[in-house]
Amino acid sequence: MGEVTEAGWGEEEKKIKVGVCVMEKKVLSAPMGQILERLQAFGEFQVIYFGDKVILEDPIESWPICDCLIAFYSTGYPLEKAEAYATLRKPFLVNELVPQHLLHDRRKVYERVELFGIPVPRYALVNREFPYQELDYFIEEEDFVEVHGSRFWKPFVEKPVDGDDHSIMIYYPSSAGGGMKELFRKVGNRSSEFHSEVRRVRREGSYIYEEFMPTGGTDVKVYTVGPEYAHAEARKSPVVDGVVMRNPDGKEVRYPVLLTPNEKQMARDVCIAFRQAVCGFDLLRCEGKSYVCDVNGWSFVKNSYKYYDDAACVLRKMLLDAKAPHLSSTIPPTLPWKINEPVQLSEGLTRQGSGIIGTFGQSEELRCVIAIIRHGDRTPKQKVKLKVTEEKLLNLMLKYNGGRPRSETKLKSAVELQDLLDATRILVPRTRPGRGSDSEAEDFEHAEKLRQVKAVLEEGGHFSGIYRKVQLKPLKWVRVLKSNGEGEEERPVEALMILKYGGVLTHAGRKQAEELGRYFRNNIYPGEGTGLLRLHSTYRHDLKIYSSDEGRVQMSAAGFAKGLLDLEGPLTPILVSLVSKDSSMLDGLDNASSEMEEAKARLNEIVTFPAKIGHSNGSSECPWMTDGAGLPSNASELLPKLVTLTKKVTEQVRLLAKNEDEELTETNSYDVIPPYDQAKALGKTNIDIDRIAAGLPCGSEGFLLMYARWKKLERDLYNERKERFDITQIPDVYDSCKYDLLHNAHLNLEGLDELFKVSQLLADGVIPNEYGINPKQRLKIGSKIARRLLGKVLIDLRNTREEAISVAELKCNEDQQSTFKKSEKEDTNYQLKLPIKNDDMRRISTASDKSMDQDDDDDKEMKYRLDPKYANVRTPGRHVRTRLYFTSVRKIMSPAFYNTQTSISLSLSLNTFCKTRNFV
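Residues numbered from 1 in each chain as written. Predicted model: local features only at pLDDT ≥ 70, side-chain atom pairs only at ≥ 80, totals over all residues. Heavy atoms only, no water.

1. Some details on the overall build of the chain
Phase 1 of the analysis: Counting its secondary structure elements, the chain contains 27 helices and 29 strands.
Phase 2 of the analysis: Each of the 920 residues in the chain was classed as buried or not, and the buried ones make up 54%.
Phase 3 of the analysis: In the chain, of all internal contacts separated by at least 6 residues, the share reaching a separation of at least 24 is 72%.
Phase 4 of the analysis: Just so you have it, the chain exposes about 41,900 Å², and 50% of that area is on carbon and sulfur atoms. (Helix = DSSP H or I, 4+ residues; strand = E, 2+ residues; numbered from the N terminus. Buried < 20%, exposed > 50% of the residue type's maximum accessible area, 1.4 Å probe, protein only. Contact = heavy atoms within 4.5 Å. Areas by Shrake-Rupley, 256 points an atom, 1.4 Å probe, with all protein chains shown as cover.)

2. What about the sheet that holds strand S22 (residues 469-481)?
Phase 1 of the analysis: The strand order across the open sheet built from 4 strands is S20-S23-S22-S21, with neighbouring strands paired in antiparallel fashion. The open sheet terminates on both sides in strands that have one partner only, identified here as strand S20 (381-388) and strand S21 (409-411). Strand after strand, the sheet turns through a mean of 25 degrees between neighbouring axes, direction not considered.
Phase 2 of the analysis: Inspection of the sheet shows S22 paired to strand S23 (residues 488-502) by 12 bridges, in the antiparallel sense. Looking across to S23, one finds that Arg 479 is bridged to Glu 490.
Phase 3 of the analysis: Across the sheet, helix H8 (residues 391-400) lies against S20, S21, S22 and S23, angled at about 90 degrees from S23, the strand it touches most. (Pairing = 2+ DSSP bridges. Axes fitted to C-alpha atoms, helices over the stretch in contact; angles between N-to-C directions.)

3. Quick word on the nonpolar core
Phase 1 of the analysis: Judged by nonpolar contacts, the single largest core of 42 residues is most densely connected at Leu 642, Trp 710, Ile 730, Leu 755 and Leu 762.
Phase 2 of the analysis: Where this core is concerned, the elements lending two or more residues are helix H16 (593-608), helix H18 (635-667), helix H21 (703-717), helix H22 (730-743), helix H23 (752-769) and helix H24 (775-821).
Phase 3 of the analysis: Considering each element in turn, this core owes the most residues, 9 residues, to H18. (Core = buried A, V, L, I, M, F, W, Y, C linked by side-chain atoms within 4.5 Å.)

4. A short note on the sheet that holds strand S15 (residues 230-236)
Phase 1 of the analysis: Strand order in the open sheet formed by 5 strands is S16-S15-S14-S17-S18, with antiparallel pairing between adjacent strands. Looking along the sheet, the strands with just one partner apiece sit at the ends: strand S16 (255-257) and strand S18 (289-296). Within the sheet, the average angular offset between the axes of one strand and its neighbour, ignoring direction, is 35 degrees.
Phase 2 of the analysis: The pairing of strand S17 (residues 278-286) with S18 spans 7 bridges and is classified as antiparallel. The residue of S18 that forms the bridge with Cys 286 is Lys 289.
Phase 3 of the analysis: The strands touched by helix H6 (residues 261-273) within the sheet are strand S14 (218-225), S15, S17 and S18, with S17 carrying the most contacts at an inclination of about 140 degrees.
Phase 4 of the analysis: Packing of helix H7 (residues 305-323) onto the sheet brings it into contact with S14, S15 and S17, and relative to S14 it is tilted by some 35 degrees.

5. Section: the packing of helix H11 (residues 507-524) against helix H13 (residues 551-564)
Phase 1 of the analysis: Closest axis-to-axis distance for the H11/H13 pair is 7 Å, and the angle between their directions is 40 degrees. Taken as axis vectors, H11 and H13 run oblique relative to one another. Relative to H13, H11 is oriented so that their crossing is right-handed. Between H11, through Arg 510, Ala 513, Glu 514, Leu 516, Gly 517, Arg 518, Phe 520 and Arg 521, and H13, the contact on the second element is made entirely by Met 555, Ser 556, Gly 559, Phe 560, Lys 562, Gly 563 and Leu 564. (Parallel < 35°, antiparallel > 145°, perpendicular 65-115°, else oblique. Left-handed = near helix turned anticlockwise from the far one by under 90°.)

6. A look at the state of the cysteines
Phase 1 of the analysis: All chains considered together, the criterion is met by 0 disulfides.
Phase 2 of the analysis: Cys 66 supplies the cysteine sulfur nearest to Cys 21, a cysteine that is in no disulfide, at a spacing of 8.2 Å.
Phase 3 of the analysis: By relative accessible area, Cys 21 is classed as buried at 0%.
Phase 4 of the analysis: Cys 68 forms no disulfide, and the closest cysteine sulfur to it belongs to Cys 66, at a distance of 7.5 Å. (Disulfide = S-S within 2.5 Å.)

7. A short note on H6
Phase 1 of the analysis: For H6, which comprises 13 residues, the first-to-last C-alpha distance of 18 Å matches the rise-based estimate of 18 Å (1.5 Å per residue) to within 8%.
Phase 2 of the analysis: Glu 263, Lys 264, Met 266, Ala 267, Asp 269, Val 270, Cys 271 and Ala 273 are the residues of H6 that are buried.
Phase 3 of the analysis: Check the buried side of H6 and you find it contacts helix H5 (106-115), S14, S15, S17 and S18.
Phase 4 of the analysis: Just past H6, the residue Arg 275 takes up positive phi, approximately 50 degrees. (Expected span 1.5 Å × (residues − 1).)

8. Thoughts on the packing of helix H2 (residues 30-41) against H7
Phase 1 of the analysis: Look at H2 against H7: their axes get within 9 Å of each other, and the N-to-C directions meet at 55 degrees. Classified by the interaxial angle, the pair formed by H2 and H7 is oblique. For the pair H2 and H7, the crossing hand works out as right-handed. Between H2 and H7, the residues in contact are Pro 31, Gln 34, Ile 35, Arg 38 and Leu 39 and Tyr 305, Tyr 307, Tyr 308, Asp 309, Ala 311, Ala 312, Leu 315, Arg 316 and Leu 319, respectively.
Phase 2 of the analysis: Across the contact of H2 with H7, the residue classes tally to 10 nonpolar, 1 polar and 3 charged. (Nonpolar A, V, L, I, M, F, W, Y, C, P; charged D, E, K, R; others polar.)

9. Overview of the pairing of strand S10 (residues 168-171)
Phase 1 of the analysis: Side chains Ile 168 and Ile 170 of S10 all project onto a buried face; the interleaved residues Met 169 and Tyr 171 project onto the opposite face, where all are buried too.
Phase 2 of the analysis: Sheet analysis places strand S9 (residues 156-160) next to S10, joined by 3 bridges and oriented antiparallel. Counted as the bridge partner of Phe 156 is Tyr 171 from S10.

10. Digging into the pattern of salt bridges
Phase 1 of the analysis: In this structure the tally under the stated criterion is 51 salt bridges.
Phase 2 of the analysis: Asp 282 is the salt-bridge partner of Lys 221, the closest N and O atoms lying 3.7 Å from each other. Here the residue Lys 221 occupies a position in strand S14, and Asp 282 occupies one in strand S17, the gap between them amounting to 61 residues.
Phase 3 of the analysis: According to the relative accessible area criterion, Lys 221 is buried, its value standing at 14%.
Phase 4 of the analysis: Judged by its relative accessible area of 24%, Asp 282 is partly exposed.
Phase 5 of the analysis: In this structure, the salt-bridge partner of Asp 566 is Arg 521, at a minimum N-O distance of 3.9 Å. Of this pair, Asp 566 sits in the loop between H13 and helix H14 (571-578) while Arg 521 sits in helix H11, and the two are 45 residues apart along the sequence. A single burial state applies to Asp 566 and to Arg 521, both of which are buried. (Salt bridge = Lys/Arg side-chain N within 4 Å of Asp/Glu carboxyl O.)

11. Here we look at the packing of aromatic side chains
Phase 1 of the analysis: One pass over the structure, following the stated rule, counts 21 aromatic pairs.
Phase 2 of the analysis: Judged by centre distance (5.2 Å) and plane angle (90 degrees), the rings of Phe 42 and Trp 337 are edge-to-face. Here Trp 337 lies in the loop between H7 and strand S19 (366-374) and Phe 42 lies in the loop between H2 and strand S2 (45-49), a separation of 295 residues in the sequence. Here Phe 42 and Trp 337 have matching classes, each one buried.
Phase 3 of the analysis: Each ring, one from Tyr 734 and one from Phe 756, has its centre 5.6 Å from the other, and the planes form 20 degrees; the classification is stacked. With Tyr 734 in helix H22 and Phe 756 in helix H23, this pair connects stretches of sequence that are 22 residues apart.
Phase 4 of the analysis: Here the aromatic residues Phe 72, Tyr 229, Trp 298, Phe 300, Tyr 305, Tyr 307 and Tyr 308 are joined through ring pairs into a cluster of three or more.
Phase 5 of the analysis: Directly above the aromatic system of Phe 152 lies the positively charged group of Arg 122, at a separation of 4.1 Å from the ring centroid.
Phase 6 of the analysis: Lying across the ring of Phe 42, Arg 316 places its NZ or CZ 4.8 Å from the centre. (Phe/Tyr/Trp six-rings, centres within 6.5 Å; stacked < 30°, edge-to-face > 60°. Lys NZ or Arg CZ within 6 Å of the ring centre and 35° of its normal.)

12. As for the side chain of Asp 269
Phase 1 of the analysis: Within the secondary structure layout, Asp 269 lies in helix H6.
Phase 2 of the analysis: Within the buried set, Asp 269 has no salt-bridge partner at all; the shortest N-O distance to an opposite charge, 5.2 Å, is to Arg 268. (Lys, Arg positive; Asp, Glu negative; His and termini not counted.)

13. Description of the confidence of the model for the chain
Phase 1 of the analysis: In the predicted model, the chain carries a mean pLDDT of 80, and the fraction of residues at 70 or more is 77%.
Phase 2 of the analysis: Between residues 825-860, whose pLDDT stays under 50, and residues either more than four places distant or in other chains, the model counts 96 contacts.
Phase 3 of the analysis: Confidence drops under a pLDDT of 50 for residues 893-920, and excluding neighbours within four residues, the segment shows 75 contacts in the predicted structure. (pLDDT = per-residue confidence, 0-100.)

14. Let's talk about the environment of Leu 93
Phase 1 of the analysis: Summarising the element assignment, Leu 93 is placed in strand S4 (residues 92-93).
Phase 2 of the analysis: Residues Leu 93 and Arg 275, 182 residues apart in the sequence, show an inter-C-alpha distance of 9.6 Å.
Phase 3 of the analysis: When near neighbours in sequence (up to four residues on either side) are disregarded, Leu 93 contacts Leu 69 and Ala 86.

Have a look at this one:
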C-alpha cells in the first residue's frame with residue numbers, strides 16, 4: 001500500500017487493497033456483493049477478487065498482493081493453501097485462518113466455547129474408531145441413552161461430530177408417541193422430516209448427544225461483524241414442522257430481534273474465541289436462559305439493507321484501524337450509496353395475511369388471550385382390576401421395582417408392556433372353562449380378565465405409553481429361604497393388577513383441536529389471520545401452552561397449536577416443542593379426593609333412596625340450593641331402565657365378539673407365539689373406512705375389547721347379588737353410548753339410542769353433583785381443585801396490565817426523546833447506534849409478587865423483543881400474551897368452570913382492562 005493521507009484517495013495505488021480470497025459461489029451471493037459494493041463506495045478501498053482459478057490452480061506466489069484479506073472456508077476451498085499465502089504476505093486477516101479448522105469438528109467447537117465460559121446445552125461425546133463399534137460406556141434404552149454415566153432422557157438431540165454434516169436427529173419419548181425428526185439443510189420448502197418408526201439412535205459414526213431445549217417453536221441466528229456488533233434474527237424452528245416460511249421472492253422469512261446484554265456478551269465471546277470477526281451461530285432461548293450451539297464461519301444476514309449499511313461501516317472501521325489508524329473512521333454525514341439505495345418493500349408471506357394491525361394511535365389493541373380448553377373427542381376410558389398370584393407376574397413386578405417385595409410397580413414403556421404381554425400370553429387358558437362351582441366361577445372370571453389384559457396390550461399391534469399403563473401392587477408376602485441358602489427373604493405371593501387404558505384422542509378429536517386452533521387464529525386475533533405466525537416469530541407473541549398429564553389432553557393441545565400457528569406434519573414434535581405439562585395445576589383431583597368421596601356417597605343416597613332422604617339445604621324459593629339439584633325427578637325410576645338397556649346392548653356385542661374370538665382362535669397358534677398384529681390376525685386394515693365396510697368397530701378396538709368394555713359396565717352398574725346400583729358408573733355408560741353412536745353407528749346396535757337418552761338424563765345431573773351436591777360443597781371442592789389454575793390466570797391478567805403500562809410509557813418516552821434527537825448531527829446519531837442496539841426496548845419488567853403458594857413463572861422469564869431498527873413492522877413494541885390451558889372436562893372444567901361449550905376464553909384490550917389510564 002502506498003502512502004495514505006486524509007487528503008486524497010483518488011488514485012488506486014493509494015487505496016487500501018482488500019483481497020477477497022473466497023470461492024466464486026460465495027462472492028456472487030447477494031449479501032457479500034451488497035457489503036463489498038458499499039465498502040468500495042467509501043472510496044478508501046480497492047477490492048481485489050482472486051477467483052476460483054487463482055485459488056485452486058495458481059501457486060500462492062502469484063496470487064495478488066493485498067493489505068487486508070477476506071478468506072473463509074466453503075466446500076472445496078483449499079484452507080491450507082490460504083494459510084500459506086497469509087504466512088507469506090502477512091495481510092491483515094478479517095477472519096483468521098487457523099481457527100477455521102475447529103469449525104469442522106463439533107467436539108472442538110464445544111470445547112472452545114466452554115473454554116471461554118459460554119453456556120452450551122448439556123452434552124456428551126460418543127467417539128467410535130469404526131462404524132458400529134460397541135462401546136462399554138454407551139448404553140441405549142427405550143427412552144434414554146447413557147454416556148459415561150450421564151443420562152439423556154428423550155427428547156434429546158444427536159449431532160454428527162463432523163461440522164459439515166447437517167443431518168441432526170431429535171428422538172422423542174414413547175410417552176409422547178416416540179419417533180425421530182431429522183433436521184437437514186433446506187431442500188425446497190422442507191428443512192426436517194419426522195420418522196415415526198425410528199426409535200434407535202445411529203451407530204455408524206461418532207456423535208454428540210445433547211439435551212433438547214424447547215424454544216417455543218422459534219430459533220435465533222446471531223451474526224457478528226467484529227466483537228462489538230451483533231445482529232440477531234428469529235425464524236420458525238425446523239423442529240416444529242419442517243416447513244420453510246418464504247416470502248413471494250422465495251426467500252426464507254426471518255425477523256430481526258433484540259439481544260439481551262448477556263447474549264451480546266456471548267456474541268462477543270464467540271467472535272473472540274474463534275478469532276472470526278464475521279461469523280454466525282445458533283442461539284437457543286429456553287426458560288429465560290440462552291445457549292450457544294453450532295458456530296459457523298463467515299455468515300451474513302440476507303435481505304436487510306440496514307444491516308448491509310451497518311456491516312459495511314463496521315468493516316470499514318476495522319480495516320482502517322488495522323492499516324491506517326491515523327485516519328478518522330468517523331462515518332460521513334451522508335453514506336455514499338444512500339442516493340441509489342432501492343426502496344425496501346414490506347414483506348408479504350405466502351402462507352400469511354397482509355400484515356400486522358394495530359398502532360399506538362388506535363383506541364383498542366389486543367393484549368392478552370387466556371383460554372381454558374377441554375380435550376377433543378376420545379375413546380371411552382377403561383380400567384381392569386384383578387388379583388394375581390402367578391409367579392411370572394410377581395417376578396415381573398420385582399424386576400421393575402428393584403426387587404422390593406412391598407413396593408408397587410408402574411409399567412408404561414414399550415419394553416415393560418411387552419414383558420407383561422409375553423407373560424400374559426402364556427398364562428391365558430387356551431380354552432374357556434365352563435362355570436360350575438363358586439371356585440370355578442372365580443377361575444372363569446380371572447381367566448376372562450387375563451384375556452382382556454392380553455387383548456388390550458395387543459390392541460393396534462404396538463404400544464404407546466401415553467395411553468396404556470399398568471400398576472402392580474403387592475398385597476401379601478411370605479418369608480422364604482434365599483436362593484443361596486443363606487438366610488430368608490420376603491417374597492410377594494399376591495398382587496393387585498390395575499390396567500388403565502382407553503381415553504385415546506380419536507381422529508375426529510385431533511381434527512376438532514386443529515379446527516379450534518384455526519378458529520382462534522382467524523377470529524380471536526382480529527385482523528391477524530395467518531399472520532399470527534409472523535407475530536409469534538417476531539417475539540411479539542408471548543405464547544405458552546400448558547397441558548395436564550393425560551395423553552388425550554396433551555395431543556389436543558398439540559393439535560390446537562398446529563392449527564393456531566399454521567403448522568404441518570405429525571403432532572409428536574409439536575407436543576414436545578410447544579406444550580408444557582403441569583399436572584399439579586391441571587390435574588387437581590387429589591386435592592379434594594375425600595370431599596368428592598363424601599359428595600358421591602351422599603349423591604348415591606339421593607338417587608337410590610329418594611323417599612328416605614328427602615330434601616335439605618334448600619327451599620322452594622331457592623331450588624338450586626337443594627342437595628342434588630339438577631338431577632331428574634325420576635332418577636330412581638330411570639336406573640332399572642338403564643340396567644336393562646345396558647344388558648341388551650352388551651348381549652348384542654357379545655354375539656359379535658364370539659364370532660371374532662372364533663376367528664382369532666383358528667388363525668393363531670399357541671405353540672409358536674408371533675409378535676401380535678391385529679390387522680393381520682383379522683385379515684382387515686385399521687383404517688376406519690375399511691373397518692366400517694367390513695362391519696368392524698372403528699379404530700383399533702376389536703369386538704373382544706368392545707364386549708369387555710360393555711360387560712364391565714353391566715357388571716359394575718348393578719350388583720345383582722346385593723341388589724345395589726353404583727351411580728358412579730353412569731358417566732361411563734354415557735361415554736360409551738356417545739362413542740358408539742358417533743363411531744360405531746354402522747353396527748346398528750338395537751336400543752343404543754334409547755340407552756344414550758336415558759344415560760344422558762342421569763349424567764347431566766350426576767356429573768356436576770360429583771363435585772359437590774350443593775353450592776357450598778361445590779365451592780369448597782372447586783377451590784381446592786382449581787386453586788392453582790385460578791391463581792395463574794390472575795397472574796396472567798396482572799402481568800398483562802403492568803406490561804401494557806410499561807410499553808405505553810416507554811413509547812411515550814421514546815417519542816419525547818426523538819424530538820431532541822432531531823437537533824443532533826446525523827453522523828453522531830448514526831455512529832452511536834452501531835456498537836449496540838436499543839436496550840430500552842429489550843425488556844419489560846413486571847412485578848415479582850407471588851400469588852397464593854405458587855411461584856410466578858412469567859415473572860422469572862426473559863421478555864424478548866423485536867428489533868425496531870431492522871424490522872419492517874409498523875408496531876414493533878406491540879406484544880400479545882397468550883396463555884392456553886388444556887385439561888379434562890371431568891376435572892378442572894366440571895367443578896370450577898363447568899360449561900358445555902368447547903372452551904372458555906377471555907381477551908383483554910387496553911380500553912376494557914386498563915380503564916384507569918389512557919395508554920393509547
